[in-house]
Amino acid sequence: MEWGQVQKEISKIFSVSLSKIVLFDTIYEEKNLVYCFRCDSMKFVIKINLFEYNNQMFIKEYKRCQCLSSFAFIPKVIFFGEMEGRLYFIMEYVQGKTLESIGYKNNFGVVIAALNLVNAIDGSVLDSVDSRFASIHNGLDFSVWCLNYLKNNLDQIDCDSLMSAKKIIENEVANLAGDLDINLDIFEKVRPVLLHTDMHARNLLVENGNISIIDWYHAEKGDNALEIASILHNYSIPPYLHHDLIKGYRHWGFFEEFNVRLKFYDRFLKVNNLVGRMNFIQKTNCVDKFDVLQINQSLLIL
């Protein structure tokens, strides 16, 4: 979608002349087109969904962003609409440098501060977004949902070349379910909180000591141990720094119990990543010996 057409749409929404709307950046995402623009002295972002098949997921992203707009560290959504059959929403442009650009290794405190901001929010803030969130009352509900999600995705794999890997993963899922049964009381007393679940270095911005967090597409209501597990994966944090991360994190409660949940979600993410790769290989018909070998090698470290 050309900028000139988008500019006219923005002009109607903001009731300003075209000359006051100035484009300063364009970002091409896998399923979206993002224009960053100025209107008078303020900066905004318009995110446009490019494919009709993605409409449902795009609406989910918008609803997540909208219901979280009241928090100071999250960009505010201003408008949702449709243009030439394509959905879009307009939100504030976030000033600042990404953690990726300034180097997270020397600024890891930003990650911990961001975690403390997000996980301090009760997960019920998302209940109006999706009926699934309203059904999660504690950490046990969330962990059961994670296992069911894993099983449903695993059931979709029926490619002969992936059957041996599928059987190994089915055993690992059964082991996860067994661990959950042993620790039901630990998971059941967990209060569900807001989770970002994709807090990588490009989604954290810093400006004058203030932190902003963008890209809430994967926001969840659940166990904060999953958030920490995903951070350990996203940043490839060496084991000797794991304790420093948890030490600076305010919401772990009893460390031994938190560690049980952390190990559970660490294994869940590893298995989920493999199942995702297997589903992608099957859907794209790209199964070859190299792909299968890589997956089998990954299974050895589960």
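Above this text sits the structure in question.
Cut-offs used in this document
Residues numbered from 1 in each chain as written. Predicted model: local features only at pLDDT ≥ 70, side-chain atom pairs only at ≥ 80, totals over all residues. Heavy atoms only, no water. Helix = DSSP H or I, 4+ residues; strand = E, 2+ residues; numbered from the N terminus. Expected span 1.5 Å × (residues − 1). Buried < 20%, exposed > 50% of the residue type's maximum accessible area, 1.4 Å probe, protein only. Contact = heavy atoms within 4.5 Å. Polar contact = N/O pair within 3.5 Å; in protein donor to acceptor, adjacent residues only side chain to side chain. Pairing = 2+ DSSP bridges. Arc of directions from axis to C-beta. Core = buried A, V, L, I, M, F, W, Y, C linked by side-chain atoms within 4.5 Å. Axes fitted to C-alpha atoms, helices over the stretch in contact; angles between N-to-C directions. Parallel < 35°, antiparallel > 145°, perpendicular 65-115°, else oblique. Left-handed = near helix turned anticlockwise from the far one by under 90°. Nonpolar A, V, L, I, M, F, W, Y, C, P; charged D, E, K, R; others polar. Salt bridge = Lys/Arg side-chain N within 4 Å of Asp/Glu carboxyl O.

Time to look at helix H6 (residues 139-155). Residues spaced three or four apart along an α-helix face the same direction, because each turn holds 3.6 residues. Between its first and last C-alpha atoms H6 spans 24 Å; for 17 residues at 1.5 Å apiece the expected length is 24 Å, and the two agree. Here H6 has its buried residues at Gly-139, Leu-140, Phe-142, Ser-143, Cys-146, Leu-147, Leu-150, Asn-153 and Leu-154. The secondary structure elements touched by the buried residues of H6 are helix H7 (163-182), helix H8 (184-188), strand S7 (193-195), strand S10 (220-222), helix H9 (224-234) and helix H11 (255-283). At the N-terminal boundary of H6, the capping side chain belongs to Asn-138, with an oxygen 3.0 Å from the backbone nitrogen of Leu-140.

Moving on: the pairing of strand S4 (residues 77-83). With 6 bridges connecting them, S4 and strand S5 (residues 86-92) associate as antiparallel partners. From the neighbouring strand, Glu-82 faces S5, where its bridge partner is Leu-87. Here S4 folds back onto S5, and the loop between the two strands holds 2 residues, one of which, Glu-84, carries a positive phi near 55°.

What follows concerns H7. For H7, built from 20 residues, the straight-helix expectation of 28 Å at 1.5 Å per residue is met to within 8% by its first-to-last C-alpha distance of 29 Å. All buried positions along H7 are accounted for by Ala-165, Lys-166, Ile-169, Glu-172, Val-173, Leu-176 and Leu-180. Buried residues of H7, viewed axially, fall in a sector of 120°; they line one side. Seen from the buried face of H7, the exposed residues on the opposite side, beyond 90 degrees, are Lys-167, Asn-171, Asp-181 and Ile-182.

As for its position among the elements, Asn-279 is in helix H11. A distance of 3.1 Å separates a polar atom in the side chain of Asn-279 from the backbone oxygen of Asn-153. If sequence neighbours within four positions are ignored, Asn-279 has contacts with Asn-153, Gln-156 and Ile-157.

The tendency in soluble globular proteins is for nonpolar side chains to be buried as a group. Core analysis: the biggest nonpolar cluster contains 70 residues, and Ile-213, Trp-216, Ile-228 and Tyr-265 have the highest contact counts within it. Counting residues per element, this core draws most heavily on H11, at 10 residues. Among residues more than four places away in sequence, those in contact with Ile-213 are Phe-73, Ile-74, Pro-75, Ala-114, Val-118, His-196, Met-199, Asn-203 and Leu-204. With 17 residues, the next largest nonpolar core counts Met-1, Ile-21, Tyr-35 and Cys-39 among its residues.

If you walk across this open sheet you meet the 5 strands as S1-S2-S3-S5-S4, and the pairing is antiparallel. Each end of this open sheet is capped by a strand with a single partner; those strands are strand S1 (21-28) and S4. Strand-to-strand twist across the sheet, computed as the mean angle between neighbouring axes with direction ignored, equals 20°. Note that strand S3 (residues 42-49) and S5 share 5 bridges and pair antiparallel. Within S5, the position partnered with Val-45 by the bridge is Met-91.

A word on the pairing of S1. Taken together, the 7 bridges between S1 and strand S2 (residues 32-39) define a ladder with antiparallel strand orientation. Residue Asp-25 lies in a different strand from S2, and its bridge partner there is Cys-36. Counted along the chain from S1 to the antiparallel partner S2, the turn is 3 residues long.

Attention shifts here to the sheet that holds strand S9 (residues 210-213). Spatially, S6-S8-S9 is the arrangement adopted by the 3 strands of the open sheet, whose pairing is antiparallel. Only two strands of the sheet have a single partner each, and these edge strands are strand S6 (97-98) and S9. Sheet strands touched by helix H4 (residues 108-119): strand S8 (204-207) and S9. Its angle to S9, the strand with the most contacts, is close to 65°.

Direction vectors running N to C along H4 and H9 enclose 155°, while the axes themselves pass 11 Å from each other. Taken together, H4 and H9 sit at an angle that is classed as roughly antiparallel. In this structure, H4 meets H9 at a crossing whose hand is right-handed. Where H4 abuts H9, its residues Val-111, Leu-115, Val-118 and Asn-119 lie against Asn-224, Glu-227, Ile-228 and Ile-231.

Two numbers describe how H7 lies on H11: the axes approach to 11 Å, and their chain directions differ by 155°. Our classification of the angle between H7 and H11 gives roughly antiparallel. Classified by chirality, the crossing of H11 by H7 is left-handed. Contacts between H7 and H11 involve Ala-165, Lys-166, Ile-169, Glu-172, Val-173, Asn-175, Leu-176, Asp-179 and Leu-180 on the former and, on the latter, Phe-264, Arg-267, Phe-268, Val-271, Leu-274, Val-275 and Met-278. Its residues placed into classes, the contact of H7 with H11 shows 11 nonpolar, 1 polar and 4 charged.

Let's shift gears to the pattern of salt bridges. Here the structure, examined in full by the defined rule, presents 12 salt bridges. Between Lys-47 and Glu-61 there is a salt bridge, with its nearest N and O atoms 2.6 Å apart. Within this pair, whereas Lys-47 is found in strand S3, its partner Glu-61 is found in helix H2 (residues 55-67), the two being separated by 14 residues in sequence. Take Glu-61: its relative accessible area is 4%, and that puts it in the buried class.

Function cannot be read off these values alone, since they describe shape.
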